[in-house]
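Structure assessment
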Amino acid sequence: MVAISALDELVFSKKERGMINIIPASKHPHKYPVAYHRGDKESEECYLIFVNGIADYLKEEKSKKRVIIKNGRPGNRAKLVKNSWDEMFFRVAAHEVRHRLQNKLKIRKFTPKSAEIIDDRILKWTIEFYAVEFEERKKIYERDGESEDYIRDRMKPREFDASVIESFVISKIRGNGGKISLNKKIASLIKTERPRQ
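For clarity, every value in this text was computed on a predicted model and none was experimentally measured.

In this section: the packing of aromatic side chains. Under the counting rule described, the total for this entry stands at five aromatic pairs. Each ring, one from Phe-129 and one from Tyr-130, has its centre 5.1 Å from the other, and the planes form 90°; the classification is edge-to-face. Through a chain of ring-to-ring contacts, the aromatic side chains of Phe-129, Tyr-130, Phe-134 and Phe-160 assemble into a single cluster. The side chain of Arg-100 reaches across the aromatic face of Phe-12, ending 4.2 Å from its centre. For the cation-ring pair, Arg-137 lies above Phe-134, with the distance from its terminal atom to the ring centre recorded as 4.3 Å.

This is the structure in structure tokens:
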């Protein structure tokens, strides 16, 4: 909640601050997100945090290694690392604040083909990684017998874009010695748009 609120305030003004609702999860947290930005026209815009089972879910996620993209030679650009607690929270927060930007400002989202027109090497390699990762994720969902609605929801272009941004933010933080300092630089990373073609 604190991470989402802090990033939201950096990206938007205090007057535009997003409301945060904490609610009991109605669905198993391993299958559905722990946080969600709701920005549809039928209900009030807000961030939702599902608290039932969140501690167990986060402990399990923290034990997994995540890919960090770094400057380096080909074949040495990705590194598997364990997230710190701060990185875990800011990964989720960056993803959800990006969704709010998508809804409010209609920003140009990244797609797998965006890598062809990106100058920033870490962003380019992050996009290339997630292009492959999303293809593999879809195969896993299909193999596990997930419904077409579930798969379609997880494969939406907005999810690809938010996944790229969350990883890009954490990769840049890791490249800066791993210290998370809330500043306009992180806000500008979250606001990064696909260049016009």
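Turning our attention to the confidence of the model for the chain. Averaged over all residues, the pLDDT of the chain is 83; the fraction at 70 or higher stands at 86%. By mean pLDDT, strand β1 (residues 20–23) is the weakest element of the chain at 69, and helix α4 (residues 121–143) is the strongest at 93.

Leu-7, Val-11, Val-97, Leu-123, Ile-127, Val-169 and Ile-190 are the most contacted members of the largest nonpolar core, which totals 39 residues. Among the secondary structure elements, those contributing two or more residues to this core are α1 (2–11), β3 (46–50), β4 (65–69), α3 (85–105), α4, α6 (157–175) and α7 (184–190). At seven residues, α6 tops the list of elements feeding residues into this core. Ignoring any residue separated from it by four or fewer positions in sequence, one finds Val-169 in contact with Ala-94, Ile-186, Leu-189 and Ile-190.

Looking now at unusual backbone geometry. We note that Lys-106 has phi near 55°; this positive angle belongs to a residue other than glycine. Among the secondary structure elements, Lys-106 is positioned in the loop between α3 and α4. Using a relative accessible area of 64% as the deciding quantity, one classes Lys-106 as exposed.

With that settled, the discussion passes to the pattern of salt bridges. Throughout the structure, instances matching the rule amount to 17 salt bridges. With its nearest N and O atoms 3.4 Å apart, the salt bridge here joins Arg-91 to Glu-166. Of this pair, Arg-91 sits in helix α3 while Glu-166 sits in helix α6, and the two are 75 residues apart along the sequence. Since its relative accessible area comes to 7%, Arg-91 is described here as buried. Using a relative accessible area of 12% as the deciding quantity, one classes Glu-166 as buried.

Here Asn-83 lies in the loop between β5 (78–82) and α3. Ignoring sequence-local partners within four residues, the contact set of Asn-83 consists of Lys-62, Lys-64, Arg-66, Met-88, Arg-91 and Arg-174.

The buried fraction of β3 is high, at five of five residues. Going residue by residue along β3, you find Cys-46, Leu-48 and Phe-50 tucked away on one face and Tyr-47 and Ile-49 tucked away on the opposite face as well.

What counts as what
Residues numbered from 1 in each chain as written. Predicted model: local features only at pLDDT ≥ 70, side-chain atom pairs only at ≥ 80, totals over all residues. Heavy atoms only, no water. Phe/Tyr/Trp six-rings, centres within 6.5 Å; stacked < 30°, edge-to-face > 60°. Lys NZ or Arg CZ within 6 Å of the ring centre and 35° of its normal. pLDDT = per-residue confidence, 0-100. Helix = DSSP H or I, 4+ residues; strand = E, 2+ residues; numbered from the N terminus. Core = buried A, V, L, I, M, F, W, Y, C linked by side-chain atoms within 4.5 Å. Buried < 20%, exposed > 50% of the residue type's maximum accessible area, 1.4 Å probe, protein only. Contact = heavy atoms within 4.5 Å. Salt bridge = Lys/Arg side-chain N within 4 Å of Asp/Glu carboxyl O.

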